[in-house]
Each structure stands twice: as structure tokens, then as C-alpha cells.
Amino acid sequence: ARKLPSKLFKYRAVDTRLRDIIEKNRLYFAKASSFNDAFDGVANLDANNSLEELFSFYREVAPPGTSDHEVLWRARKTLEDPGQWKRIIEGSVAKELDLSGFCCLTCGWDNVHQWTYYGDGHRGVALGFDIRRHPSFFALPLKIDYIPERPNINVVRETGKALKAVLQTKSDLL
């Protein structure tokens, strides 16, 4: 099990969002569609699936009472236009991500790149949050992996990895 740090930090410019944090105890949670890095919240989604994979996928997500014949028809239709299938997957992932809000924090207060970008060119602040004092609020911190390329994911084959690939990766290119 991964050990969580005792504090997480938020770099901020001195602005209205900083005042909201300090005066109103309110953190901003952004929609994925508003992320400032085109690499955030996306992966290279592979839509190449076999008829069997698509049948199993559609069977799992089909409403109760859907016949195997209907599921097979949908799987076959999907194979006829893989480009459309990829657009459907990308749209679904984007829609699901925008149902949640994201607040980005870091383990350290001394990262030069984060001070430059998020701390208003070293003129802002780094607020520290003691996550032990508010365990329910910080119950699900996700560690971000910095990688040089977007991850490749086949959502049908790697459903469990899709969330990690989309939410927990950022570009390490500056």
C-alpha cells in the first residue's frame, strides 16, 4: 500500500480563487474540459476490437432484457465503422470526466516548475493542507505519473486501466 504524505500543497496566484480558499474554505474543482494542458484527461484510445470483445462489452452495458440477438447486431454494426466507434468512446470518456471536478495538489512546496506555472511566476503562494485533519475530504488522492507520450488504451480490453491512463498521467515535457 502506498503511504500518503501528511501534507498536500496548492500553488496559487494571489487572486480571487486564493481568497476563496482562505476566506471561505473553498477549493475550486475544475471540469476536465477546462484543463490547461491538452495532455490532461486524454489518452490514445484504441478502437480495434474483435466481434467477441464487442459482444461481451455490449452485453455488460446493455439494459436488462436486451436479447443476445440485439447485442450481436450492435457489435456487428460497430465493426462496420471503427472510426465512429472511436468517436463514441472519446465522447463518452469526455462526458464522464466532466461529471466530476478535479482539484490538483502536490506533495511538495518547492517545485520550481510549479512555482513558475501555478504560483504566478514565483509571486504567488503554496498553501499546505494537512490531510490527516480532513481524511474524508482527502480520501482519494490520485498520484500523477509524468510520461513523455499519451498512453494507448483499448477501453474494451483494459477498462480498469482506462481511468488511470486518462486521469493519472501528465506530460513530462515542459
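Residues numbered from 1 in each chain as written. Predicted model: local features only at pLDDT ≥ 70, side-chain atom pairs only at ≥ 80, totals over all residues. Heavy atoms only, no water.

**Student:** Explain the overall build of the protein to me, please; I cannot follow it from the model alone.
**Tutor:** For the protein, the helix and strand inventory stands at six helices and six strands. Moving toward the C terminus, one meets the helices and strands of the protein in the order β-α-β-α-α-α-α-β-β-β-α-β. What you see for the protein is a C-alpha radius of gyration of 20 Å, clearly larger than the 16 Å of a compact globule of 174 residues, by over 25%. Along the three orthogonal principal directions, the C-alpha set of the protein runs to about 60 × 35 × 35 Å. (Helix = DSSP H or I, 4+ residues; strand = E, 2+ residues; numbered from the N terminus. Rg over C-alpha atoms; globule rule 2.2 N^0.38 Å.)

**Student:** Looking at this structure, how should I read the nonpolar core?
**Tutor:** As a rule of thumb, soluble globular proteins bury nonpolar side chains together. Among the nonpolar cores identified, the biggest contains 19 residues, and Leu45, Leu54, Tyr58, Trp85, Ile89, Leu97 and Ile153 are the most heavily contacted of them. Looking at this core, the elements with two or more residues in it are helix 2 (51–61), helix 3 (68–80), helix 4 (82–97) and helix 6 (159–167). At four residues, helix 6 tops the list of elements feeding residues into this core. Residues contacting Tyr58, with those up to four places away along its chain left out, are Val71, Arg74, Ala75, Thr78 and Trp85. (Core = buried A, V, L, I, M, F, W, Y, C linked by side-chain atoms within 4.5 Å. Buried < 20%, exposed > 50% of the residue type's maximum accessible area, 1.4 Å probe, protein only. Contact = heavy atoms within 4.5 Å.)

**Student:** What am I meant to see in the pairing of strand 1 (residues 7–12) here?
**Tutor:** Sheet faces and side chains relate simply in a regular strand, where the side chains alternate between the two faces. Taking burial as the measure, the six residues of strand 1 include five buried ones, the bulk of the element. For strand 1 and strand 3 (residues 125–130), the ladder comprises six bridges, and the chain directions are antiparallel. Following the sheet pairing, Leu8 is matched in strand 3 by Phe129. (Pairing = 2+ DSSP bridges.)

**Student:** I'm lost on the confidence of the model for the protein in this one. Help?
**Tutor:** Do not read the predicted coordinates in detail wherever pLDDT is low. Here the protein averages 86 in pLDDT, while 97% of its residues score no lower than 70. Across the protein, element-level confidence peaks in helix 3 with a mean pLDDT of 95 and bottoms out in helix 6 with 76. (pLDDT = per-residue confidence, 0-100.)

**Student:** Can you walk me through unusual backbone geometry in this structure?
**Tutor:** If a residue is not glycine, its phi is most likely negative; likewise, a peptide bond is most likely trans. In this model, Asn25 sits at a positive phi of 50 degrees, which is unusual for a non-glycine residue. Within the secondary structure, Asn25 sits in the loop between helix 1 (16–24) and strand 2 (44–45).

**Student:** Looking at this structure, how should I read the side chain of Gln114?
**Tutor:** With respect to the helices and strands, the residue Gln114 is situated in helix 5 (residues 112–117). By relative accessible area, which is 16% here, Gln114 ends up buried. When near neighbours in sequence (up to four residues on either side) are disregarded, Gln114 contacts Tyr11, Thr106, Gly119 and Tyr146.

**Student:** I'm lost on the packing of helix 2 against helix 3 in this one. Help?
**Tutor:** Helix-helix packing: each pair is described by the crossing angle between the helix axes and the interaxial distance. Where helix 2 contacts helix 3, the axes come no closer than 9 Å and their chain directions differ by 130 degrees. With respect to each other, helix 2 and helix 3 are oriented oblique. Crossing of helix 2 over helix 3 shows right-handed handedness. The residues of helix 3 that touch helix 2, namely those facing Leu51, Leu54, Phe55, Tyr58 and Arg59, are Asp68, Val71, Leu72, Arg74, Ala75, Arg76, Thr78 and Leu79. Tallied by class, residues from the contact of helix 2 with helix 3 come to eight nonpolar, one polar and four charged. (Axes fitted to C-alpha atoms, helices over the stretch in contact; angles between N-to-C directions. Parallel < 35°, antiparallel > 145°, perpendicular 65-115°, else oblique. Left-handed = near helix turned anticlockwise from the far one by under 90°. Nonpolar A, V, L, I, M, F, W, Y, C, P; charged D, E, K, R; others polar.)

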